[in-house]
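Residue-level listing of the chains:
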Amino acid sequence: MHNKKYRIGIIGATGFTGSELARLLCQHPEITIKHITSETHKGKLFSDLHPQFLGILDQQLESADVIENSEVDVLFLALPHGVSMDFVKKWEHKNCKIIDLSGDFRLSTPAVYKSWYQKDHVFTKGFENAVYGQPELFADQIKNSTLVANPGCYPTASILSLAPLFQSGLIVEDSVIIDAKSGLTGAGVKASDTTHFSNVNENFKAYGLGVHRHTVEIEEQFSILGKQNIQVQFTPHLLPVDRGILVTAYAKTNKKLDQESITKIYQDCYKEKPFVRLRKMAPGIKDVRGSHYCDIFPFWDERTQRVIVVSAIDNLLKGAASQAVHNMNLMLGFEEKTGLEQIPLRP
Ligand SMILES: NC(=O)C1=CN([C@@H]2O[C@H](COP(=O)(O)OP(=O)(O)OC[C@H]3O[C@@H](n4cnc5c(N)ncnc54)[C@H](OP(=O)(O)O)[C@@H]3O)[C@@H](O)[C@H]2O)C=CC1
Ligand SMILES: CC(=O)N[C@@H](CCC(=O)OP(=O)(O)O)C(=O)O
């Protein structure tokens, strides 16, 4: 039997992204799941909570405190923001790599974090080491890092939609509008008024206008790629579906393009990126559901002289769990596609 060398732990395994991580990692050829934690359900079997794992991962959920002295090679934090930072603080001096799925280490400074998350950061030192884990853009830094800040779901779809044009210096500063829609699992496993069936079913609404924390995450990454200070207008919407994010991004360019030239820019940027697929027409969320793909269609609107880019991801996968596994593959030196080649699930 193939010897699975690397041991991993998932803190917060009962949540939506934690259980998606478990699903992917159960089938990963190089790792073994050593610990899965839950505070609310410690002592129960994972498969009692998530029956889809029956006979596959009948492992006991432990309290995160109990595993503090255990050794793992990679620790995934699938915890709410504001909670993850405590665990990074506790684990960062140990000989393990940490992949944090929350927003706690994605931004440039503790001050920026405080202004968008309305919370003091308890582990500001982590900002010095954290690498923004967008594998298509920062693979070299990710390979050498010990702390990866896994990108947010809306930022993943938004950043990949316009990165080629920012890298080419073609975007007119402050012309970017991002209209984004997410399925309900983006809101986490805990029920709330927002996620109540009758508030979501057959409904569709915008939220977080002008204040959503992903605005600054997207702006910071565009500013790095475009080498200038970028502001974006970002509006998220809640879709009455389980999973999926669709982004429609609009921008002005400082040079006249056409469909052929814009297609070429995207082909050049993503030619060696196996999980970005360039489409010939606007993708839908079902085209990527259950997979690690980000499907993108860049369109030049000759009439308005604007670029319109549509991108689609699965928020729980490319927007969270599979992106975290992609980062792990880079950090541990595996082939980047290992364990990530699921074909999208449709209809
Ligand atoms: N859902 C999505 O599409 C995306 C989520 N993310 C981010 O990933 C992280 C996880 O998201 P998601 O899986 O949706 O969240 P969930 O709310 O579904 O799950 C979070 C888990 O964290 C555990 N938890 C909560 N509070 C504590 C605590 N104080 N100490 C220890 N464990 C705690 C809970 O488990 P228990 O009570 O069993 O201990 C819970 O199952 C979040 O930061 C989120 O913002 C990022 C991109 C996309
Ligand atoms: C639909 C929905 O509610 N989505 C979440 C974002 C998803 C997410 O988890 O983002 P972070 O990792 O940055 O917290 C929201 O808007 O708050």
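Further up the page is the structure itself.
Residues numbered from 1 in each chain as written. Chains lettered and ligands numbered in written order. Predicted model: local features only at pLDDT ≥ 70, side-chain atom pairs only at ≥ 80, totals over all residues.

### Details of the site of ligand 1
Taken together, 29 residues form the shell around ligand 1, and within it G15, S38, S102, G188 and V189 come nearest. Counting residues per element, the shell around ligand 1 draws most heavily on helix α1 (residues 16–26), at three residues. Residue contributions to the shell around ligand 1 reach at least three from each of two domains, namely domain 1 (6–150 + 320–332) and domain 2 (153–313). (Near = placed C-beta within 6 Å. Helix = DSSP H or I, 4+ residues; strand = E, 2+ residues; numbered from the N terminus. Domains from an automatic or database assignment.)

### What about the sheet that holds strand β8 (residues 205–206)?
With mixed pairing, seven strands are arranged side by side in an open sheet as β8-β9-β7-β10-β13-β12-β11. Every other strand in the sheet has two partners, leaving β8 and β11 (276–278) as the edge strands with one partner each. Both strand β7 (residues 176–182) and strand β9 (residues 232–238) contribute to a ladder of seven bridges, which runs parallel. Its bridge partner lying in β9, I177 is registered against Q233. Against the sheet, helix α10 (residues 259–270) touches β11, β12 (294–301) and β13 (306–313), its axis set at about 155° to β12. (Pairing = 2+ DSSP bridges. Contact = placed C-beta atoms within 7 Å. Axes fitted to C-alpha atoms, helices over the stretch in contact; angles between N-to-C directions.)

### Digging into the packing of helix α7 (residues 153–167) against α10
Taken N-terminus to C-terminus, the directions of α7 and α10 make an angle of 100°; their axes are 9 Å apart at the nearest point. If you check the angle between α7 and α10, you find them roughly perpendicular. Each of A163, P164, L165 and Q167 in α7 lies in contact with α10, whose residues at this interface are I265, Y266 and C269. Of the residues assigned to the contact of α7 with α10, the class counts are six nonpolar, one polar and no charged. (Parallel < 35°, antiparallel > 145°, perpendicular 65-115°, else oblique. Nonpolar A, V, L, I, M, F, W, Y, C, P; charged D, E, K, R; others polar.)

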